[in-house]
Amino acid sequence: MKRFIPALLILIAFAVSCDNGPVGIFASIGSESPIEYKGTEVFKKSTPAAVVSRNGTLYAVITTLWKKNGNTWEKATNLPSQAMYATSAAVTGTTLYVAFLDSNAHSLGVFSTTDDSNWTPVDITFPANDEQVQQLLAVNNKVFAVTTKAVDGKTQYNLYHLSGSFGSPIRTGTNLFSLAYVDPTYYVASGTTIWTSTDLANFSVSRTLADDFFTSITSIGGKPTAVTAFGKVFWYDAGSWIDTNALTKSSKKLYLHAPVEYNNTLFVATNTVVRKTSSVTEVSPIAGYIELAFPLSTTKTQRDDNSLVTATNTVFSATIGGTALSMLTLITENGKPTLYAGSVGNGLWSNRNENGSWLGWQRETD
Amino acid sequence: MRRFFVLLVILSIVCGSVLLAQEQAPEQGTAQSDATASIPVFSQFEKGDILFSLSAGTAFGLGFFNPTTGSFDPANLKPSFTILLSLQRFMTPNIVLGGEIAGYFFSTINDRQFFLAPLGARIGYAFDLNPFFIIPTVSLGAAIMRLSDMGHIDPYIKTGAVFGWSPSQEICYTIHADLMTIPQFYSDSSQNRTGLFLDLIISATYHF
């Protein structure tokens, strides 16, 4: 017995080395940088709506339009007349599109610029008086706008395509829209439905859900990939939609949105929100984001708590890991992929990848 | 609350050991009288003696060796609060063998909580410098770690020495200085690091 205990300890030492998480504990600690926030409390507690890049310059929509100058963010100057707030931004080529509001939160419409100084109204008739621009989307070098409108006491979402002008809605939906393009087809998701179209005029229903709804769709690896409010990942392959079983934590389904892919890993934001369908009301169990390794499969992504890789990058868990994400996007800066995450009420964060390793989440500051 | 807990542990160790030392004081006098009378060279330890240590102290992260780059990453850890329990038995008057379990409570520079719990076997060789003693030790075992929501178990080796003073046969006060090395392995070898930690720990050791 006396010999057995030390021998057992030694055996444990060399045999029970488990593997957990994409980031090593020591590697994670060693890569930390001190968080010294020198910005304003307003920026620190903001809820970013979007981060886009134009000609190597970063812009963020955080109540108004911000522009990154070096390592800090500055409010953009020389905005259109009366522009006080911004709701969304998108970039195609070298053109930045921003939806502005005046000081009374009345929509001023969508403006574009190629030099940050000269702003041009894209369509002076857009949006209609009873609509507010909620989203600008850039897909396949085309600009789309999503507006909301009150109809019979309910919110109706309208999707517009900018083709000279915004014209009439090309789709209406019950939730915010999300678009993906896989040549030659556009995939449009809103609520329980994904539509497809090749001309943005004629749409056909591609996939519908019951007791779940799509939150985002994007093109990953040449395949349209959508995520849902009740934890499923869908992708279109060989003529049909394939889906995972719902990703769960503690037997509760995750709310998924804003998927981005890098280096065979799918990053998907997840929030602790209350979701409702006709028959289900449930609170998503965790906030932050999850990572899924490619290739996706129907069985592989049916993961239990232990194998579900939750956000483990540096500082994330201790900082924004417990709060909801308002946005998650991947932008390549100077050749280096950088994840930008906007948190609900906890500011803007970034995590840069250098030489194949994520350096860790850092708070962005003004 | 945490400071209070630290203070409470240290006070418990110190007060408990002082009380026990006071209780044993007459015996110490008797033993010394007897020793003076009949045994000119007094050996502090004998085969079968047992040392039970209650310890508290701190540890410093020295750095994380990155085998991929061949360089050290900064430790980025604030000094820890550390508690340690060890139980050792003298196999000979000099060789001591036992086990240890410890808890290291670190904070990173950004206040993430890093918990480290080594559990292992310890062997040492005691140099008797009555009433002082020095025991160079080597420990080997498994270190259970937790950082935020990440967990891992890795082997560790700890080398160091215990510097002690025995005011009585039953109680010793010791200072531990140890270098702990923890190689951490992952299936993604780019995440492999070897952590180095320096312990400075004081103990009240019960000798029976």
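Position labels on residues start from 1 in each chain and follow its written sequence. Here the convention is simple: chains get letters from A, ligands get numbers from 1, in the order in which they are written. Only residues with pLDDT of at least 70 get local features here, since the model is predicted, and only at 80 or more are side-chain atom pairs given and counted; chain-wide, interface and lining totals rely on the full set of residues.

S.K.: Lay out the overall build of chain B in plain terms, naming residues and giving numbers.
M.R.: Helix and strand counts for chain B come out as one helix and 10 strands. A run of DSSP states H or I qualifies as a helix once it reaches four residues; a run of E qualifies as a strand once it reaches two. Both are numbered from the N-terminal end. Starting at the N terminus, the α and β elements of chain B follow one another as α-β-β-β-β-β-β-β-β-β-β.

S.K.: Just give me the short version of the overall build of chain A, but keep the residues and values in it.
M.R.: The number of helices and strands found in chain A is four helices and 32 strands. Think of it as a crowd count around each C-beta: if 20 or more other C-beta atoms lie within 10 Å the residue is buried, if 12 or fewer it is exposed, and in between it is partly exposed, with C-beta placed from the backbone throughout. Split into buried and exposed, the 366 residues of chain A put 46% on the buried side. The contacts of chain A with a sequence gap of at least 6 include a subset with a gap of at least 24, amounting to 44%. Contact definition: two residues whose C-beta atoms, as placed from backbone geometry, lie within 7 Å.

S.K.: Run through the sheet that holds strand E5 (residues 85–92) of chain A, naming residues and quoting values.
M.R.: Read from one edge to the other, the open sheet built from four strands follows the order E5-E6-E7-E8 (chain A), with strand pairing classed as antiparallel. With partners counted over all chains shown, the strands left at the sheet margins are E5 and strand E8 (120–121) of chain A, one partner each. For two strands to count as paired, DSSP must find a minimum of two bridges between them.

S.K.: Just give me the short version of the nonpolar core, but keep the residues and values in it.
M.R.: Residue and element names in this part refer to chain A. Here, a nonpolar core means buried Ala, Val, Leu, Ile, Met, Phe, Trp, Tyr and Cys residues linked by C-beta atoms lying within 7 Å of one another. Formed by 89 residues in total, the largest nonpolar core has its most connected members in Ala 89, Leu 179, Val 268 and Leu 328. At six residues, the largest contribution of residues to this core is made by strand E6 (residues 95–101). What Ala 89 contacts, discounting residues up to four positions off in sequence, is Ala 50, Val 52, Tyr 59, Val 61, Leu 65, Leu 96, Tyr 97, Val 98 and Leu 136.

S.K.: Before we move on, could you go through the confidence of the model for chain A and cite the residues and values that matter?
M.R.: Residues and elements named next belong to chain A. When pLDDT is averaged along chain A, the result is 83; 86% of the residues meet or exceed 70. Predicted confidence is poor over residues 13–19, with pLDDT under 50, and the contacts of this stretch with residues over four places away or in other chains come to 16 contacts. How sure the predictor is of each residue is captured by pLDDT, a score from 0 to 100. Residue range residues 301–319 is modelled with pLDDT below 50. Its contacts to residues more than four positions away, or to other chains, number 59 contacts.

S.K.: Which residues make up the sheet that holds strand E3 (residues 64–69) of chain A, and what values go with them?
M.R.: Residues and elements named next belong to chain A. One open sheet accounts for four strands, arranged E1-E2-E3-E4; its pairing is antiparallel. Sheet topology places strand E1 (50–54) and strand E4 (72–75) at the edges, where each strand pairs with a single neighbour. Recorded for the sheet is a direction-independent mean angle of 30° between the axes of neighbouring strands. What counts as an axis is a line fitted to C-alpha atoms, over the stretch in contact for a helix, and the angles between N-to-C directions run from 0 to 180 degrees.

S.K.: So, unusual backbone geometry: which residues are in play, and what are the values?
M.R.: Across the junction of A:Phe126 and A:Pro127, the peptide omega takes the value -5°, indicating a cis bond. For the peptide bond that leads from B:Asn130 to B:Pro131, omega is 10°, which places it in the cis range. If you check the backbone angles, A:Asn78 has positive phi at about 55° while not being a glycine. A count of 11 C-beta atoms within 10 Å places A:Asn78 in the exposed class. One non-glycine residue, A:Asn334, lies in positive phi territory at about 50°. Within the element layout of this structure, A:Asn334 appears in the loop between strand E29 (325–333) and strand E30 (336–343).

S.K.: So what about the confidence of the model for chain B? Which residues, and what values?
M.R.: Residues and elements named next belong to chain B. When pLDDT is averaged along chain B, the result is 81; 79% of the residues meet or exceed 70. A low-confidence stretch, residues 1–40 stays under pLDDT 50, and its non-local contacts, those more than four residues away or across chains, total 24 contacts. Taken together, the chains of this predicted complex give a pTM of 0.61 and an interface ipTM of 0.79.

S.K.: Lay out the pairing of E3(A) with the relevant residues and their values.
M.R.: Residues and elements named next belong to chain A. Here strand E2 (residues 57–62) runs beside E3; their pairing, made up of four bridges, is antiparallel. Directly across from Tyr 59, in E3, lies its bridge partner Lys 67. Between E2 and E3, which pair antiparallel in sequence order, lie one residue; one of them, Thr 63, sits at a positive phi of approximately 65°. With four bridges joining them, E3 and E4 adopt antiparallel strand pairing. Residue pairing for E4: Lys 67 is matched across the bridge by Glu 74. What sits between the antiparallel neighbours E3 and E4 is a turn of two residues, in which Gly 70 has the positive phi angle 70°.

S.K.: Could you give an account of the pairing of strand E32 (residues 357–363) of chain A, with specific residues and numbers?
M.R.: One face of the sheet, then the other: side chains in a regular strand alternate in exactly this way. Residues and elements named next belong to chain A. Most of E32 is tucked away, with five of its seven residues classed as buried. In this structure, strand E31 (residues 348–354) lies alongside E32, joined through five bridges in antiparallel fashion. Within E32, the residue paired with Asn 353 across the bridge is Trp 358. Taking the residues between adjacent antiparallel strands as the criterion, E31 and E32 are bridged by two residues, where Asn 355 takes a positive phi near 55°.

S.K.: How would you explain the environment of A:Leu200 if you had to name every residue and give the values?
M.R.: Residue and element names in this part refer to chain A. Residue placement: Leu 200 occurs in the loop between strand E15 (193–197) and strand E16 (204–208). Placed 30 residues apart in sequence, Leu 200 and Ile 170 show a C-alpha to C-alpha distance of 6.9 Å. Apart from residues no more than four positions distant in its own chain, Leu 200 is found in contact with His 161, Ile 170 and Tyr 186.

S.K.: Which residues make up the environment of B:Phe72, and what values go with them?
M.R.: Residues and elements named next belong to chain B. The residue Phe 72 is located in strand E2 (residues 71–73) in this model. Residue classification places Phe 72 among the partly exposed residues on the basis of 15 C-beta atoms within 10 Å. Taking the C-alpha atoms as reference points, Phe 72 and Thr 194, separated by 122 residues in sequence, lie 9.0 Å from one another. Those residues in contact with Phe 72, other than ones at most four positions away along the chain, are Gly 63, Phe 64 and Phe 65.

S.K.: Could you give an account of the environment of B:Asp199, naming the residues involved and the relevant values?
M.R.: Residue and element names in this part refer to chain B. Note that Asp 199 resides in strand E10 (residues 193–207). According to the C-beta neighbour criterion, Asp 199 is buried, with 22 such atoms within 10 Å. Distance in space between the C-alpha atoms of Asp 199 and His 176 is 7.1 Å, their sequence separation being 23 residues.

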